[in-house]
Amino acid sequence: MTPASAGVMKAVGAVIALILQVALAPNIALFGSFPCIPLVYVMALGVADPANASIALSFLTGLACDLLGSGPVGALAFLFLLAHVATARVFLVLDNDALFMPFAIMFAGMFAVETLYGFLLVALGLPVSPLDAFLNRAAPCALYDCVVAVIVYPLLVVLFSRTAKELKIRTPKLR
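Quick caveat, the model's predicted, so the values are computed rather than measured. (Residues numbered from 1 in each chain as written. Predicted model: local features only at pLDDT ≥ 70, side-chain atom pairs only at ≥ 80, totals over all residues. Heavy atoms only, no water.)

Enquirer: So what's going on with the overall build of the chain? Which residues, and what values?
Expert: Of regular secondary structure, the chain possesses six helices and zero strands. Going residue by residue from the N terminus, the α and β elements of the chain occur as α-α-α-α-α-α. Taken against the 2.2 N^0.38 rule, which gives 16 Å for 175 residues, the C-alpha radius of gyration of the chain at 16 Å falls within 12% of a compact globule. Taken over the C-alpha atoms alone, the chain extends approximately 50 × 30 × 25 Å along its principal axes. For the chain, the residues scored as buried account for 45% of the 175 residues in total. For the chain, long-range pairs separated by at least 24 residues make up 69% of all intrachain contacts whose partners lie at least 6 apart in sequence. On the chain, roughly 8,800 Å² of surface is accessible, and the fraction owed to carbon and sulfur atoms is 76%. Counting 9 positive and 8 negative side-chain charges, the chain places the centres of these two groups 13 Å from one another. (Helix = DSSP H or I, 4+ residues; strand = E, 2+ residues; numbered from the N terminus. Rg over C-alpha atoms; globule rule 2.2 N^0.38 Å. Buried < 20%, exposed > 50% of the residue type's maximum accessible area, 1.4 Å probe, protein only. Contact = heavy atoms within 4.5 Å. Areas by Shrake-Rupley, 256 points an atom, 1.4 Å probe, with all protein chains shown as cover. Lys, Arg positive; Asp, Glu negative; His and termini not counted. Charge placed at Lys NZ, Arg CZ, Asp CG, Glu CD.)

Pasting the structure below:
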């Protein structure tokens, strides 16, 4: 697989994540919270293929989420970009070929993004307290994101492990 075809596969995956966000996520809501499938995709992609951080793809995916949602435009684009780059770099530093590290890095990143977005909404005038924003929006959505990541991450490792082997880049092994 060439790097160009890997880039096309990543873009198609982002479009699929956005379609699933619109079509599936509202239908699987639990207690008013639902997963942010594009966030899960961007974070899992940062860990599954860390040497080829897709900066433009993560920014455009976040921007599409901003335009589809009701929050401030640009907030999720910035947070997705920041989370994707940070996740990829942290994974490159802390990779030890165990399955725990990718999930720990993704989970921490998802909690950070959901929490920062909740606090940003409060700072921009959402009529709730920061504690309510964390307990009623950020924490449940981040937990739901983590559950979806357990499903998405192994799929991305399988898809991009061939590219990583051709480029001689280490990827975590599913044991």
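Additional details are given in the paragraphs that follow.
Enquirer: Please give an account of unusual backbone geometry that cites residues and values.
Expert: Phi is positive for phenylalanine 31, which is not a glycine, with a value near 55 degrees. By secondary structure assignment, the location of phenylalanine 31 is in the loop between α1 (3–23) and α2 (37–48).

Enquirer: An account of the pattern of salt bridges is requested, with residue identities and associated values reported.
Expert: Per the counting criterion, the structure on display carries two salt bridges. Close ionic contact of aspartate 49 with lysine 10 constitutes a salt bridge, the shortest N to O distance being 2.8 Å. Of this pair, aspartate 49 sits in the loop between α2 and α3 (55–68) while lysine 10 sits in helix α1, placing them 39 residues apart in sequence. With its nearest N and O atoms 2.6 Å apart, the salt bridge here joins arginine 137 to glutamate 114. With a gap of 23 residues between them, arginine 137 in helix α6 (residues 130–166) and glutamate 114 in helix α5 (residues 100–123) connect regions that are remote in the sequence. Residue glutamate 114 is classed as buried on the basis of its relative accessible area, which comes to 4%. (Salt bridge = Lys/Arg side-chain N within 4 Å of Asp/Glu carboxyl O.)

Enquirer: Lay out the side chain of lysine 10 with the relevant residues and their values.
Expert: With a relative accessible area of 6%, lysine 10 lands in the buried category. Setting aside residues no more than four positions away along its own chain, lysine 10 makes contact with Tyr41, Leu45, Asp49, Asn52, Ser54, Leu57 and Phe160.

Enquirer: Provide a residue-level description of the environment of cysteine 141, including the pertinent values.
Expert: On the secondary structure map, cysteine 141 appears in helix α6. Measuring from C-alpha to C-alpha, the distance between cysteine 141 and leucine 79 comes to 15 Å, with 62 residues separating the pair along the chain.

Enquirer: Before we move on, could you go through the environment of leucine 76 and cite the residues and values that matter?
Expert: On the secondary structure map, leucine 76 appears in helix α4 (residues 75–94). Taking the C-alpha atoms as reference points, leucine 76 and phenylalanine 59, separated by 17 residues in sequence, lie 8.2 Å from one another.

Enquirer: Tell me about the packing of α1 against α3, and name the residues and values.
Expert: Contact pair α1 / α3: the axes reach a minimum separation of 11 Å and the direction vectors enclose 20 degrees. Judged by the angle between their axes, α1 and α3 are roughly parallel. Handedness of the α1/α3 crossing: right-handed. In this structure, α1 uses Lys10, Ala11, Ala14, Leu18 and Val22 to contact α3, whose residues at the interface are Leu57, Thr61, Ala64, Cys65 and Leu68. Split into classes, the residues belonging to the contact of α1 with α3 amount to eight nonpolar, one polar and one charged. (Axes fitted to C-alpha atoms, helices over the stretch in contact; angles between N-to-C directions. Parallel < 35°, antiparallel > 145°, perpendicular 65-115°, else oblique. Left-handed = near helix turned anticlockwise from the far one by under 90°. Nonpolar A, V, L, I, M, F, W, Y, C, P; charged D, E, K, R; others polar.)

Enquirer: How would you summarise a nonpolar patch on the surface if you had to cite specific residues and measurements?
Expert: Taken together, the side chains of Val8, Val12, Ile16, Leu20 and Leu24 make up a nonpolar region of the molecular surface, amounting to roughly 390 Å² of accessible area. By secondary structure assignment, the location of valine 12 is in helix α1. On the accessibility criterion, valine 12 (43% relative accessible area) is partly exposed. (Patch = residues over 30% accessible without salt bridge, like charges linked within 9 Å, V, L, I, M, F, W, Y side chains within 5 Å.)

Enquirer: An account of the packing of aromatic side chains is requested, with residue identities and associated values reported.
Expert: The tally for this structure, following the rule as stated, stands at two aromatic pairs. Between phenylalanine 103 and phenylalanine 107, the aromatic rings sit 5.8 Å apart at their centres with planes inclined by 40 degrees, giving tilted as the arrangement. Linking phenylalanine 103 with phenylalanine 107, this pair stays in helix α5, spanning four residues, or about one helical turn. Classification of phenylalanine 103 by relative accessible area gives buried; the value is 15%. A relative accessible area of 25% means that phenylalanine 107 is categorised as partly exposed. A centroid spacing of 5.3 Å and a plane angle of 75 degrees characterise the contact between phenylalanine 103 and tyrosine 153, whose relative ring orientation is edge-to-face. Placement of the pair is phenylalanine 103 in helix α5 and tyrosine 153 in helix α6, with a sequence separation of 50 residues. By the ring-pair criterion, three or more aromatic residues cluster together here, those being Phe103, Phe107 and Tyr153. (Phe/Tyr/Trp six-rings, centres within 6.5 Å; stacked < 30°, edge-to-face > 60°.)

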